[in-house]
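# Fold and contact review
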There are 6 protein chains.
Amino acid sequence: MPSEPLLPLELIDKCVGSKIWVLMNGGKEFVGKLLGFDDYVNMVLTDVTEIDPIEGKTQLVKILLNGNNICMMIPGGDGEEVWEE
Amino acid sequence: MPSEPLLPLELIDKCVGSKIWVLMNGGKEFVGKLLGFDDYVNMVLTDVTEIDPIEGKTQLVKILLNGNNICMMIPGGDGEEVWEE
Amino acid sequence: MPSEPLLPLELIDKCVGSKIWVLMNGGKEFVGKLLGFDDYVNMVLTDVTEIDPIEGKTQLVKILLNGNNICMMIPGGDGEEVWEE
Amino acid sequence: MPSEPLLPLELIDKCVGSKIWVLMNGGKEFVGKLLGFDDYVNMVLTDVTEIDPIEGKTQLVKILLNGNNICMMIPGGDGEEVWEE
Amino acid sequence: MPSEPLLPLELIDKCVGSKIWVLMNGGKEFVGKLLGFDDYVNMVLTDVTEIDPIEGKTQLVKILLNGNNICMMIPGGDGEEVWEE
Amino acid sequence: MPSEPLLPLELIDKCVGSKIWVLMNGGKEFVGKLLGFDDYVNMVLTDVTEIDPIEGKTQLVKILLNGNNICMMIPGGDGEEVWEE
């Protein structure tokens, strides 16, 4: 079944309120619930686990991620859950 | 036969629905079907193989790639298929 | 209780006058009071502690941080205080 | 003979249909025929030789290069041919 | 005494004609008099001391710094002078 | 004698037709005559000497430098000549 075209901001919009997995330039990773975003792909996450290749896992209440430095976003926290249409 | 001029967004548009190969800053590579893109060259891929120089291959359902950090895109997954006019 | 959607600039705006923790590309960190910001996420901080992985802590009166190179912002100085609704 | 002022996009425009040499951030180099470009200096090249400091030379049919990560462009493939006015 | 909100470009504007300390991505630092700036935080400095972690100090008459690569600006050359209200 | 305010693009404009010294992210340097530039600080240089920390000096006829990756520009080729008002 051919997948429907999907614009980047549409994909992000579908993820608001759900868990996402964000990989930054420089290697940091974040898993958390997406509260909001803007056209520059800046993102607000809550209930966040920060995964640092060196410092391990840290829990954070609420963070802003700068779109400039986001490399990749995967819906569903670890890439499967949200998209099992 | 002289090739026709081709604008960057035209090239990406021709790839929607087809397999592409994307190389990021920092060395990560992705092969997957392009679902959509925007003027900032942000891209949505599905049925994705992530090729990491260290961690090897990972399969992902759907991802967003930030245009800021895309270095190069090659139509056709590994550079030949789509463009055998 | 499902959290309310929250746009990036709204989150920053809520932090004006409060302590925030900013992590830059390249590893520098800053904790200080946010005096102002703009659409490019440039930020003015005062009463600033600069935390450098190598050079340790430095006190600074007032600084401008370039949004381009901000990786992450955490409200509340070390991630808890501001957001204990 | 004093050279005529030349705007960046004018220079690129003059190269459409000709061979150019592009150096990216991170060290990759590409020599190929320029098919098109846009205001963000994104470029489409065809008949491309990719020169990687480690992996050597690779031939590619058609590629998109992200202007964000282009460091330098030299008309004429290896810097002489196009500009022998 | 609660500090007044202060926008990034307001802060820079207050520094025109005064000494500032600018830290770039990649570690270079510059101390000099700010002659002008624009919305992209590009800056013109004069009577400049360049402080390179490896090459030490160099005096330069006049320079342009690209806002893209400015990490941080501290009013007052070494962080105290300008802001002793 | 207090120096006159000078906007970044004004400074570059004054250098058109003169020799400038450009330092890029990543360490490459270029000395050449500025033929033109645009609002993104993209620059066209001619009669260019490329100074690479590893590969030494290379002569190039004409090049485009991407403003994104320009760190600093010094009027006058090696920082003194143009500005001896």
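Residues numbered from 1 in each chain as written. Chains lettered and ligands numbered in written order. Predicted model: local features only at pLDDT ≥ 70, side-chain atom pairs only at ≥ 80, totals over all residues. Heavy atoms only, no water.

## A word on the pattern of salt bridges
We apply this condition: The rule for a salt bridge is simple: a side-chain nitrogen of Lys or Arg has to be within 4 Å of a carboxyl oxygen of Asp or Glu. Only DSSP runs of H or I covering at least 4 residues are called helices, and only runs of E covering at least 2 are called strands; the numbering of each starts at the N terminus. Relative accessibility decides the category of a residue: with a 1.4 Å probe and only protein chains considered, values under 20% of the type maximum give buried, values over 50% give exposed, and everything between is partly exposed.
Using the criterion set out here, one finds 12 salt bridges over all chains in the structure. Notably, a salt bridge pairs Lys28 of chain F with Asp52 of chain F, separated by 3.2 Å at the nearest N-O pair. With Lys28 of chain F in the loop between β1 (19-24) and β2 (29-37) and Asp52 of chain F in strand β3 (residues 43-52), this pair connects stretches of sequence that are 24 residues apart. Assessed through its relative accessible area of 10%, Asp52 of chain F is described here as buried. Among the charged side chains, a network of salt bridges with common partners joins Lys28, Glu50 and Asp52 of chain A.

## Digging into the interface of chain E and chain C
Quick reminder of the rule: Contact criterion: two residues are considered in contact whenever any of their non-hydrogen atoms come within 4.5 Å of each other. Summed over both partners, the accessible surface that disappears when two parts come together, traced with a 1.4 Å probe, is what is meant by buried area. For this analysis, a polar contact is any N or O atom pair within 3.5 Å, provided that within protein one partner can donate a hydrogen and the other can accept it, and provided that sequence-adjacent residues contribute only side-chain to side-chain pairs.
Facing 28 residues of chain E, the contacting portion of chain C comprises 23 residues. Here chain E and chain C share an interface that buries about 1,900 Å² over both sides, 63% of which is from carbon and sulfur atoms. On the chain E side of the interface with chain C, the three residues burying the most area are Pro8, Cys71 and Met72 of chain E, jointly 28% of the side's total. Inspection of the chain E/chain C interface yields 0 salt bridges. Applying the counting rule to chain E against chain C returns 9 residue pairs in polar contact (both at pLDDT 80 or more). For the side of chain E that touches chain C, the secondary-structure elements that each account for two or more residues are α1 (8-15), β1 (19-24) and β5 (70-75) of chain E.

## Some remarks on the interface of chain F and chain E
Applicable threshold: As a working rule, the residues Ala, Val, Leu, Ile, Met, Phe, Trp, Tyr, Cys and Pro are called nonpolar, Asp, Glu, Lys and Arg charged, and the rest polar, with Gly in that last group. By this definition, two strands are paired if DSSP reports at least two bridges between them.
Counting residues at the interface gives 28 residues for chain F and 23 residues for chain E. Buried area between chain F and chain E, summed over both chains or domains, comes out near 1,900 Å², and the portion from carbon and sulfur atoms is 62%. Per-residue buried area on chain F facing chain E is highest for Pro8, Cys71 and Met72 of chain F; these three make up 28% of the total on that side. Secondary-structure elements contributing two or more residues to the side of chain F that touches chain E are α1 (8-15), β1 and β5 (70-75) of chain F. Among the elements that line the side of chain F that touches chain E, the one with the most residues is β5 of chain F, at 6 residues. A per-class count over the side of chain F that touches chain E returns 17 nonpolar, 6 polar and 5 charged. Sheet analysis places strand β4 (residues 56-65) of chain E next to β5 of chain F, joined by 2 bridges and oriented antiparallel. In the sheet register, Leu65 of chain E faces β5 of chain F, and the bridge partner there is Met72 of chain F.

## Points about the side chain of Asp38 of chain C
To be explicit about the condition: For the purpose of charge, His is not counted, nor are the chain termini; Lys and Arg are scored as positive and Asp and Glu as negative.
Relative to the assigned elements, Asp38 of chain C resides in the loop between β2 (29-37) and β3 (43-52). Despite its burial, Asp38 of chain C remains without a salt bridge, the nearest opposite charge being carried by Lys14 of chain E at 16 Å. Leave out the neighbours within four places in its chain, and Asp38 of chain C touches Leu9 of chain C together with Pro8 of chain E.

## Structural notes on the relation of the copies chain E and chain C
Put simply, the test is: In this comparison the copies share one frame, found by least squares on the C-alpha atoms of residues holding pLDDT of at least 70 in both.
Relative to chain C, chain E is turned by 60° and slid 0.0 Å along the rotation axis, the superposed coordinates differing by an RMSD of 0.0 Å. Read as a symmetry element, the transformation amounts to a six-fold axis. When C-alpha positions in chain E are compared against the rotation axis, the closest is assigned to Asn68 of chain E, at 6.5 Å.

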